[in-house]
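# Per-entry structural report
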Amino acid sequence: VAIVDSKNMVMITWAVMEGGKSGMIMLIPDSLVAETGEEVVETEDAVKIRKTGGSRTICGYRCEEYEVTEEDGKMVSNVWATDDLKLPGNTKLMDNQQGMPRSYGQGKIKGAILASETYEKGNLTTKSEVTKIDLNAEHSISVAGVSLIQMDMGKWGQKKKK
C-alpha cells in the first residue's frame, strides 16, 4: 500500500508479509532535489520508451500506451497514461508526477499513469490499474496494526561525514 498525501507532504508505504504489516512514513520536502543537492541522473541508455500507438479508456479517460524496456530487455512494462486528467495538489511533489508512481522515462511518458503491467523475462510480475477517480472524495485510511518507521527523505543523497 502506498499513500501520497500532497496536502500534508507525507508518504506512507507498507506491506503485508508473514508476521504482520510493516512500512515507513516519510516527510517529503518541497523539492527533494533541492534538499539533498542530488541531481537527477539521466538513464537514457538504460531505459527505452516507445509510444505504441495503442490506446484504451480507463475510468473515462483516453490513455495512450507506452512500452518501457529496461535492464537490457529483461524487464518490459506496458504503461497507459492520459494527459486529460489534472490531479489537484502540490505540483512540486514527486517531480510533478501525477497518477501511479513511476521512476522511468524522465518525463517521456506524458500525463497521469492509470495502468501498468510489468513483465520480467516474459512473466507478468506486477499489474496495477486505477479503478475509480473521484476528485471530490473524502476518505480515511487506517494504519492500525502497521509497524511504521519514520524516514527523512531530506537527507537522502547526502554524504555521511567521516
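Check the entry above for the structure.
Computed from a predicted structure; not experimentally measured.

### Focus on the overall build of the protein
The helix and strand tally for the protein stands at one helix and nine strands. Starting at the N terminus and walking to the C terminus, you meet the elements of the protein as β-β-β-α-β-β-β-β-β-β. Relative to all contacts within the protein whose residues are 6 or more apart in sequence, the contacts with residues 24 or more apart total 51%. Total accessible area on the protein stands at roughly 11300 Å², and carbon and sulfur atoms take up 50% of it.

### Observations regarding the environment of Glu 71
Position of Glu 71 relative to the elements: it lies in the loop between β5 (61-70) and β6 (75-82). Sequence separation between Glu 71 and Glu 120 is 49 residues, and the spatial gap between their C-alpha atoms is 9.5 Å.

### A look at unusual backbone geometry
Positive phi values are uncommon outside glycine, yet Cys 59 reaches one of about 55 degrees. Of note, Cys 59 is situated in the loop between β4 (48-58) and β5. Phi at Lys 121 takes a positive value of approximately 50 degrees, unusual for a residue other than glycine. Within the secondary structure, Lys 121 is located in the loop between β7 (112-120) and β8 (123-129).

### Details of the sheet that holds strand β3 (residues 20-27)
Pairing within the open sheet is mixed, and its four strands lie in the order β1-β2-β3-β9. In this open sheet, the two edge strands, each paired with only one partner strand, are β1 (2-5) and β9 (146-152). Between one strand and the next, the sheet's axes are offset by a mean angle of 15 degrees, whatever the strand orientation. Bridge count for strand β2 (residues 10-17) against β3 is eight bridges, and the pairing is antiparallel.

### Structural notes on the pattern of salt bridges
Opposite charge on two side chains permits pairing when their charged atoms draw close. For the coordinates displayed, the defined rule picks out four salt bridges. Among the salt bridges present, the one from Glu 129 reaches Arg 56, with a minimum N-O distance of 2.7 Å. Placement of the pair is Glu 129 in strand β8 and Arg 56 in strand β4, with a sequence separation of 73 residues. For Arg 56, a relative accessible area of 27% translates into the label partly exposed. Ionic pairing is found between Lys 127 and Glu 117, a salt bridge with its closest N-O pair at 3.9 Å. Here the residue Lys 127 occupies a position in strand β8, and Glu 117 occupies one in strand β7, the gap between them amounting to 10 residues.

### Focus on the packing of aromatic side chains
Geometrically, a pair of aromatic rings is defined through the distance of the ring centres and the angle of the planes. Applying the stated criterion across every chain yields a total of zero aromatic pairs. If you follow Arg 56 out to its NZ or CZ, it ends over the ring of Trp 80, 4.7 Å from the centre.

### Quick look at the side chain of Asn 78
Counting through the fold element by element, Asn 78 comes out in strand β6. We classify Asn 78 as buried; its relative accessible area is 17%. Discounting residues that sit within four places of it in the chain, Asn 78 has contacts with Glu 65, Tyr 66, Glu 67, Ala 115, Ser 116, Glu 117 and Tyr 119.

### Thoughts on the sheet that holds β4
Working definition: the strands of a sheet are paired by backbone hydrogen bonds and lie parallel or antiparallel to each other. Taken together, the five strands give an open sheet; going across it, the order is β4-β5-β6-β7-β8, and neighbouring strands pair in antiparallel fashion. Each of the sheet's edge strands pairs with one partner strand only, and the pair in question is β4 and β8. Pairwise comparison of adjacent strand axes, ignoring direction, gives a mean angle of 20 degrees for this sheet. Both β5 and β6 contribute to a ladder of seven bridges, which runs antiparallel. Bridge pairing links Glu 67 to Asn 78 in β6.

So, how was this worked out
- Residues numbered from 1 in each chain as written.
- Predicted model: local features only at pLDDT ≥ 70, side-chain atom pairs only at ≥ 80, totals over all residues.
- Heavy atoms only, no water.
- Helix = DSSP H or I, 4+ residues; strand = E, 2+ residues; numbered from the N terminus.
- Contact = heavy atoms within 4.5 Å.
- Areas by Shrake-Rupley, 256 points an atom, 1.4 Å probe, with all protein chains shown as cover.
- Pairing = 2+ DSSP bridges.
- Axes fitted to C-alpha atoms, helices over the stretch in contact; angles between N-to-C directions.
- Salt bridge = Lys/Arg side-chain N within 4 Å of Asp/Glu carboxyl O.
- Buried < 20%, exposed > 50% of the residue type's maximum accessible area, 1.4 Å probe, protein only.
- Phe/Tyr/Trp six-rings, centres within 6.5 Å; stacked < 30°, edge-to-face > 60°.
- Lys NZ or Arg CZ within 6 Å of the ring centre and 35° of its normal.

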